[in-house]
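Given next are the chains, with one letter for each unit.
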Amino acid sequence: MTVHQISLFLENKPGRLAAICRTLTESGVNIASLSLADTTDFGIVRLLVDRWETARGVLQRAGFGVNVREVVALSAPDEPGALARILEAVDRTGANVEYMYAFAVARGASARFVFRFDDTAKAVAALSASGIDLLDDSTIFA
């Protein structure tokens, strides 16, 4: 089970991130999660949104270079050891984490984790077998 992540290369200049958010706002697209990793000249913005196909289209029409990737998103208790249990399940398969980011939904309730693995199928199988709550495009906002 995977979710669609929007990725954009972004010039590292004032106003560029705001332009992305404004473009999505004007189209009624809601952002569930945003990650920004930067270098001196450019950054990579990664977004989970409620309507990824709409987001891709409006961002492309606005002149942004857009890439859509399938990533693994899951929900786990917001408690010590939750991430360790997730990673241990994946480590047993030999799959590697290429990148990840996380966010808490409500303190003490649940946390959401987003992973890009080098072998998504292996990772998903291991996570499912471990009883970890995998999310998809329709449940990422639930």
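Relevant structure appears above.
These figures come from a predicted structure and were not determined experimentally.

Novice: Outline the nonpolar core, supporting the account with residue identities and numerical values.
Specialist: Val-72, Leu-74, Ile-86, Phe-113, Phe-117 and Leu-127 are the most contacted members of the largest nonpolar core, which has 17 residues in total. Where this core is concerned, the elements lending two or more residues are strand 4 (66-77), helix 3 (82-91), strand 6 (110-117) and helix 4 (120-129). In this view, Phe-113 contacts Val-72, Ala-73, Leu-74, Ala-76, Leu-83, Ile-86, Met-100, Tyr-101 and Ala-102; residues no more than four positions away in its chain are not counted.

Novice: I'd love a proper account of helix 2 (residues 52-61), names of residues and values included.
Specialist: Owing to its 3.6 residues per turn, the α-helix brings residues three or four apart onto one side. Those residues of helix 2 not exposed but buried are Trp-52, Ala-55, Gly-57, Val-58 and Leu-59. At its buried positions, helix 2 is contacted by strand 1 (3-11), helix 1 (16-26), strand 3 (42-49) and strand 4.

Novice: Before we move on, can you summarise the pattern of salt bridges with the specific residues and values?
Specialist: Evaluation of the coordinates by the stated rule reveals two salt bridges. When the shortest N-O distance is used, the salt bridge between Arg-116 and Glu-98 registers 3.5 Å. Of the two residues, Arg-116 sits in strand 6 while Glu-98 sits in strand 5 (residues 97-106), which places them 18 residues apart along the sequence. A residue is classified by how much of its surface remains accessible, and Glu-98, at 45% relative accessible area, is partly exposed.

Novice: Just give me the short version of the packing of aromatic side chains, but keep the residues and values in it.
Specialist: Evaluation of the coordinates by the stated rule reveals two aromatic pairs. Seen in terms of ring centroids, Phe-113 and Phe-115 are 6.5 Å apart; in terms of plane orientation they differ by 25 degrees. Their pairing is stacked. Ring centres 5.1 Å apart and planes at 15 degrees place the aromatic pair Phe-115 and Phe-117 in the stacked group. Members of the aromatic cluster, joined through ring pairs, are Phe-113, Phe-115 and Phe-117. Looking at Arg-46, its charged tip hangs above the ring of Tyr-99, at a distance of 3.6 Å from the centre.

What counts and what doesn't
- Residues numbered from 1 in each chain as written.
- Predicted model: local features only at pLDDT ≥ 70, side-chain atom pairs only at ≥ 80, totals over all residues.
- Heavy atoms only, no water.
- Core = buried A, V, L, I, M, F, W, Y, C linked by side-chain atoms within 4.5 Å.
- Buried < 20%, exposed > 50% of the residue type's maximum accessible area, 1.4 Å probe, protein only.
- Helix = DSSP H or I, 4+ residues; strand = E, 2+ residues; numbered from the N terminus.
- Contact = heavy atoms within 4.5 Å.
- Salt bridge = Lys/Arg side-chain N within 4 Å of Asp/Glu carboxyl O.
- Phe/Tyr/Trp six-rings, centres within 6.5 Å; stacked < 30°, edge-to-face > 60°.
- Lys NZ or Arg CZ within 6 Å of the ring centre and 35° of its normal.

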